[in-house]
Amino acid sequence: MPIKEIGLVSFRNHDTINLEFCPKINVIWGKNGSGKTAILEAIHSLSIGRSFRTNRKKELLKDDKEFLSITGKFQTADKIQEIQINQTKDGTRRTFIDGKKLESIRELVGLNPVVLLSPEEQVITKGAPQDQRNYFNKLFSVVSNEYFTILSDYNRILKQRNKLLDDFNLTNKAGAELDIWNERISEIGQKLWKKREYYFKNFSLELNKTVKDFKDDKFTFSCELVTKIADNEKEYTEILNKRHNRDIYLGRTTYGPHTDKINFTFNEKNIKQYGSQGEHKLALLLIKLAEVRLIRKVTKNAPIVLLDDLFAKLDNYRSKQAMAMIDNDLQTIITTTDLKIVEDRGVEIDKFNNGSFYLG
Ligand SMILES: Nc1ncnc2c1ncn2[C@@H]1O[C@H](COP(=O)(O)OP(=O)(O)O)[C@@H](O)[C@H]1O
Ligand SMILES: [Mg+2]
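Not measured: the values here are computed from a predicted model.

Chemist: Would you mind going over the packing of aromatic side chains in detail, with residue names and values included?
Modeler: Overall, the coordinates contain 19 aromatic pairs when judged by the stated rule. Considering the side-chain rings of phenylalanine 136 and phenylalanine 264, the 6.3 Å spacing of their centres and the 25 degrees angle between planes classify their relative orientation as stacked. Taken as a pair, phenylalanine 136 in helix 3 (residues 129-143) and phenylalanine 264 in strand 10 (residues 261-266) lie far apart in primary sequence, 128 residues in all. On the basis of relative accessible area, phenylalanine 136 is assigned to the buried category, the value being 2%. With a relative accessible area of 2%, phenylalanine 264 lands in the buried category. Geometrically, the ring pair formed by tryptophan 193 and tyrosine 255 is edge-to-face, given 5.3 Å between the ring centres and 70 degrees between the ring planes.

What follows is the structure, encoded as structure tokens:
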């Protein structure tokens, strides 16, 4: 859902700031360090409950202030929805929707999806398997509350099983207790795998379409989920049983969806090993455009597109292609140090009707 307004208090370098966005293209411009990315970070937090730059919540609070708040107003089909995050100095957080405190972040995730294109996201093509899993887990949680619930349950049970394995060694066997956890984790792990397979297939289709739409370019780009998915729960448990000694020896679970890998292939080669800088940037752009499509397709809602310094990172030709592929009806928030670059690349900024903010 489009964001109409954001208000920040003591967030990063901002004392207090209020911005009113238009439903189309918005540009936030200003010098390095003026707090442009911080605003995208705040919008991202309102969307999924956390920053994309840090896991340390305390970093977000301005200098020696006592508390911070982020307030956003989103335009839903029939009303304005207010989301507020309050955080104190010790990192304690409370989140409210229309004044009602959330019991779980689950209630927030998926309400107002954002698609973020920023240098931090480059780990999707360059990073470790964990980074790729995190990306898809996050995306699938945004499009499916059920996925989010299953994933949370799986992670909880995995942690408990790993704790048990870590507490035992080969002479002091975990025995019957482990059998119980094996059954539990097989059940939830199998569910997670099925859901992941389903959404991944959909993502992959959207990615193929996105690549096809890059008409002028000759390249191939695709993604693949590399997994050892069991046929059913029974087989899953059998595999765990076979790995009993290995798991106890290593003190962790060596089989399950948390070991999945995702490969991106650019012109027949694994991009992580062989991709050039330019290919990585193009790959990320394609992934993000596919993400927009997946969110639209599954949720029937349009995400907010956040482009952090995109034009400094992509050449003129790619930037134009990128903008051409972002539908006109998507709300887009762009940050830049140079308004002229953005205009030169064919972005029409509505300077008179909100849409353009100078941070100094
Ligand atoms: N907790 C904080 N308190 C005060 N200043 C901060 C805090 N966190 C970051 N900053 C500062 O905020 C500024 C804004 O950073 P950023 O949002 O990355 O700006 P931009 O994207 O415009 O370059 C940086 O100069 C950074 O040092
Ligand atoms: Mg920045």
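Chemist: Any details on the site of ligand 1? Residues and values, ideally.
Modeler: If you check the shell around ligand 1, you find 15 residues, and the closest are Gly33, Lys36, Thr37, Arg53 and Glu59. The separation between an oxygen atom of ligand 1 and a polar main-chain atom of glycine 35 is 3.0 Å. Leucine 61 places a polar main-chain atom, nitrogen or oxygen, 2.8 Å from a nitrogen atom of ligand 1. Taking 580 Å² as the accessible area of ligand 1 by itself, protein coverage stands at 69%. Its residues assigned to classes, the shell around ligand 1 shows two nonpolar, six polar and seven charged.

Chemist: Account for the pairing of strand 5 (residues 80-88), with residues named and values stated.
Modeler: Only one face of strand 5 is buried, namely the one carrying Gln81, Ile83, Ile85 and Gln87, since none of Ile80, Glu82, Gln84, Asn86 and Thr88 on the opposite face is buried. Where strand 4 (residues 67-75) and strand 5 come together, nine bridges link them in antiparallel fashion. Along strand 5, the bridge assignment pairs threonine 71 with glutamine 84. The turn joining strand 4 and strand 5, which pair antiparallel and follow one another in sequence, is formed by four residues.

Chemist: Would you mind going over the domain arrangement of the protein chain in detail, with residue names and values included?
Modeler: On domain assignment, one finds that the protein chain holds domain 1 (1-113 + 301-360) and domain 2 (125-300). The distance between the C-alpha centroids of domain 1 and domain 2 comes to 28 Å. Taken together, the contact pairs 23 residues of domain 1 with 21 residues of domain 2. Here domain 1 meets domain 2 over a buried area of about 1900 Å², counting both sides, of which 62% is carbon and sulfur. On the domain 1 side of the contact with domain 2, Arg106, Asn301 and Met325 bury the most area, a combined 32% of that side's loss. Here arginine 296 makes a salt bridge to aspartate 329, at a shortest N to O gap of 3.1 Å. Our count for the contact surface shared by domain 1 and domain 2 stands at three residue pairs in polar contact (both at pLDDT 80 or more). Of all elements in the fold, only helix 1 (36-48) and helix 11 (316-325) reach the threshold of two or more residues within the side of domain 1 that touches domain 2. Top element by residues in the side of domain 1 that touches domain 2 is helix 11. It accounts for five residues. When its residues are assigned to classes, the side of domain 1 that touches domain 2 shows 13 nonpolar, four polar and six charged.

Criteria and cut-off values
Numbering of residues starts from 1 in every chain and runs along the sequence as written. By the order in which they are written, chains take letters starting at A while ligands take numbers starting at 1. Under the rules for a predicted model, residues below a pLDDT of 70 receive no local features and side-chain atom pairs below 80 are neither given nor counted, while totals for whole chains, interfaces and linings still include all residues. For the side-chain quantities, the full set of heavy atoms in the structure was used; hydrogens and water were omitted. Here the aromatic set is Phe, Tyr and Trp, taking the six-membered ring for Trp, and pairing holds for ring centres within 6.5 Å; pairs whose planes are under 30 degrees apart are stacked, those over 60 apart are edge-to-face, and all others are tilted. Put simply, DSSP marks the helices as runs of H or I at least four residues long and the strands as runs of E at least two long, and each gets a number from the N terminus on. Between buried and exposed lies partly exposed: a residue is buried under 20% and exposed over 50% of the maximum accessible area for its type, with that area taken using a 1.4 Å probe on protein chains only. If a single non-hydrogen atom of a residue is within 4 Å of a molecule or strand, that residue counts as near it. Polar contacts, as used here, are pairs of N or O atoms within 3.5 Å; protein pairs need one atom able to donate a hydrogen and one able to accept it. Residues neighboring in sequence count only if both atoms are side-chain atoms. Per-residue and other accessible areas were derived by the Shrake-Rupley procedure at a 1.4 Å probe size, with only the shown protein chains allowed to occlude residues. All residues other than Ala, Val, Leu, Ile, Met, Phe, Trp, Tyr, Cys, Pro, Asp, Glu, Lys and Arg, Gly among them, are scored as polar; the first ten of these are nonpolar and the last four charged. At least two bridges found by DSSP between two strands are what make those strands a pair. For the purposes of this description, domain bounds are those given by an automatic or database domain assignment. Contact criterion: two residues are considered in contact whenever any of their non-hydrogen atoms come within 4.5 Å of each other. Reported buried area values correspond to the accessible surface (1.4 Å probe) lost by two parts on association, with both partners' losses combined. Salt bridge, as applied in this entry: a Lys or Arg side-chain nitrogen positioned within 4 Å of an Asp or Glu carboxyl oxygen.

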